[in-house]
Amino acid sequence: METKPMKILIIEDDIRDCDNFINCIKKRTDIELVGITDSDIEALKMVKVKHPDGIVLDLELNNSIEGNIDSFEFLSNLKKTNLNYEPIIIVTTHVSSKRTYEILHREGVELILYKEQPTYSCDLVFNRFINFRKSEPNKTVKEVQDEKKDFEERISCYISKELELIGIPSKMVGWDYLYDGIFQLIKNEKNKENVFDFLINKYKKSNQAINNGITNAIMHAWRQSPIEDLLENYTARINPDRGIPTPSEFIYYYRDKIKEMI
């Protein structure tokens, strides 16, 4: 099975280096650029939305307009975000300091690449990311089970968070239908059972009751939540005659959105 490209976020304030990274990615099929910024503050926002597999982090951000001049605060703030996964972090720097390198590794940096070394290049950086991904050891049965459990917990967390972001409270009946429908589609991707048949069988309710519950939850969000939150978190096109997504449109939109996150 063909491996998906690694999603990479680049935090770099040197325009020439940024251009080099972009040009390099254009020639590769194993790397996908999900964002590039010279601000550690903006980068933190991107991490929460884009969920990159890896982060290229320039240690010195002296030319940053909005962020800090070094990246240590970014590393500290990244830990505080409580992500459901750990992105691979590679620091690039002109600094050659053993003490600085030790601090970076304690902060969770996998690798530090010195920009002044003769072999340094954008391809070298990206190749290291790919090597990290390939170096994952063979897993025991328990590790596979733990990974499955972690995967399901991540799905659960993402669904709950996304429904919260658009203002659908968990006390609503439709919340349960939405949660279980989205979860089923992601967890059992190869199962071709219709998601509404699954919900009907699980809750022993009619198709009309399931659809009404979901529709009420969606209507609640579109009536009560700020339009800015809806536009930011639900980006699919909505039929203007309806004004809200259909139950099917809503469930499949979040299936696809959360699959991208995990």
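Residues numbered from 1 in each chain as written. Predicted model: local features only at pLDDT ≥ 70, side-chain atom pairs only at ≥ 80, totals over all residues. Heavy atoms only, no water.

A.B. asks: I would appreciate a short explanation of the packing of helix α3 (residues 72–80) against helix α4 (residues 98–106) in the present structure.
C.D. replies: To describe two helices that pack against each other, one gives the angle between their axes and the distance between the axes. At their nearest, the axes of α3 and α4 sit 10 Å apart, and the two run at 15 degrees to each other. The pairing of α3 with α4 is recorded here as roughly parallel in orientation. In terms of crossing hand, the pair formed by α3 and α4 is left-handed. Note on element contacts: α4 touches α3 through T100, I103, L104 and R106, opposite F72, L75 and K79. A breakdown of the residues in the contact of α3 with α4 according to their chemical character gives four nonpolar, one polar and two charged. (Axes fitted to C-alpha atoms, helices over the stretch in contact; angles between N-to-C directions. Helix = DSSP H or I, 4+ residues; strand = E, 2+ residues; numbered from the N terminus. Parallel < 35°, antiparallel > 145°, perpendicular 65-115°, else oblique. Left-handed = near helix turned anticlockwise from the far one by under 90°. Contact = heavy atoms within 4.5 Å. Nonpolar A, V, L, I, M, F, W, Y, C, P; charged D, E, K, R; others polar.)

A.B. asks: Sorry if this is basic, but what is going on with the environment of R133 here?
C.D. replies: Relative to the helices and strands, R133 resides in helix α5 (residues 122–134). As for R133 and M6, which are separated by 127 residues in sequence, their C-alpha atoms are 8.7 Å apart. Within the structure, the side chain of R133 is placed 2.8 Å from the backbone oxygen of K4, a separation counted as a polar contact. (Polar contact = N/O pair within 3.5 Å; in protein donor to acceptor, adjacent residues only side chain to side chain.)

A.B. asks: Teacher, can you tell me more about the layout of surface pockets here?
C.D. replies: A probe as big as a water molecule, rolled over the atoms, marks out the empty space that is left. The volume enclosed by the second largest pocket comes to roughly 770 Å³. Lining of the second largest pocket is provided by 25 residues; of these, K48, V49, H51, E162 and M261 occupy positions nearest its centre. Among the secondary structure elements, those contributing two or more residues to the lining of the second largest pocket are β2 (31–37), α2 (40–50), α6 (141–165), α10 (227–233) and α11 (247–261). Looking at the lining of the second largest pocket, its residues break down into eight nonpolar, six polar and eleven charged. (1 Å grid on protein atoms, 1.4 Å probe; cavity = no way out; pocket = protein on both sides within 12 Å on 5 of 7 lines; lining within 4 Å. Points joined across faces, edges and corners; volume = space filled by probe spheres on them.)

A.B. asks: Please clarify how α5 should be interpreted in this entry.
C.D. replies: For the α-helix, the turn length of 3.6 residues means that residues three or four positions removed from each other point alike. Taking 1.5 Å of rise per residue, the 13 residues of α5 would be expected to cover 18 Å, and the 19 Å separating its terminal C-alpha atoms lies within 8% of that figure. Each element contacted by the buried residues of α5 is listed here: β1 (6–11), α1 (15–26), β2, β3 (54–58), β4 (88–93) and β5 (111–114). (Expected span 1.5 Å × (residues − 1).)

A.B. asks: Can you walk me through unusual backbone geometry in this structure?
C.D. replies: Glycine aside, residues mostly have negative phi, and peptide bonds are mostly found in the trans state. One non-glycine residue, H51, lies in the positive phi region at around 50 degrees. In this structure, H51 sits in the loop between α2 and β3. The backbone of K204 sits at a positive phi, close to 55 degrees, despite the residue not being glycine. Along the chain, the position of K204 falls in the loop between α8 (195–203) and α9 (207–224). When its relative accessible area of 69% is taken as the criterion, K204 is described as exposed. (Buried < 20%, exposed > 50% of the residue type's maximum accessible area, 1.4 Å probe, protein only.)

A.B. asks: Sorry if this is basic, but what is going on with the pattern of salt bridges here?
C.D. replies: One side chain can pair with another of opposite charge once the charged atoms of both are near each other. Following the criterion strictly, the structure yields ten salt bridges and no others. One continuous salt-bridge network, built from bridges that share partners, spans E12, D17, D58 and K115. (Salt bridge = Lys/Arg side-chain N within 4 Å of Asp/Glu carboxyl O.)

A.B. asks: What should I look at first to understand the sheet that holds β4 in this one?
C.D. replies: What holds strands together in a sheet is hydrogen bonding between their backbones, with the strands either parallel or antiparallel. Within the open sheet, the five strands sit side by side as β2-β1-β3-β4-β5. Their pairing is parallel. The sheet is open, and its two edges are formed by β2 and β5, each paired on a single side. Across the sheet, the mean angle from the axis of one strand to that of its neighbour is 20 degrees, orientation sign disregarded. Direction of pairing for β1 relative to β3: parallel, over a ladder of four bridges. If you follow I11 over to β3, its bridge partner there is L57. Contacting β4 and β5, α4 runs over the sheet at an angle of about 145 degrees to β5. (Pairing = 2+ DSSP bridges.)

A.B. asks: Whenever I open this one, the packing of aromatic side chains confuses me. Can you help?
C.D. replies: In this description, a pair of aromatic rings is defined by centroid distance and the angle of the planes. Taken as a whole and judged by the stated rule, the model has ten aromatic pairs. Taking the centre distance of 4.9 Å and the plane angle of 85 degrees together, the rings of Y253 and Y254 count as edge-to-face. (Phe/Tyr/Trp six-rings, centres within 6.5 Å; stacked < 30°, edge-to-face > 60°.)

A.B. asks: Would you explain the nonpolar core in this entry?
C.D. replies: Nonpolar side chains in soluble globular proteins tend to end up buried together. Ranked by size, the top nonpolar core spans 35 residues in total, and within it I168, I214, W222 and F250 carry the most contacts. Of all elements in the fold, only α6, α7 (173–187), α8, α9 and α11 reach the threshold of two or more residues within this core. Here the element with the most residues in this core is α7; it accounts for eight residues. The residues touching I214, leaving out its near neighbours within four places in the chain, are G174, Y177, L178, F196, L199, P247 and I251. One finds V34, L59, L75 and L104 within the second-largest nonpolar core, a separate group that totals 20 residues. (Core = buried A, V, L, I, M, F, W, Y, C linked by side-chain atoms within 4.5 Å.)

A.B. asks: Is there a simple way to think about the state of the cysteines in this case?
C.D. replies: Applying the stated criterion to the full structure yields zero disulfides. Looking at C24, it has no disulfide partner, and the nearest cysteine sulfur is the one in C122, 5.3 Å off. Take C24: its relative accessible area is 9%, and that puts it in the buried class. (Disulfide = S-S within 2.5 Å.)

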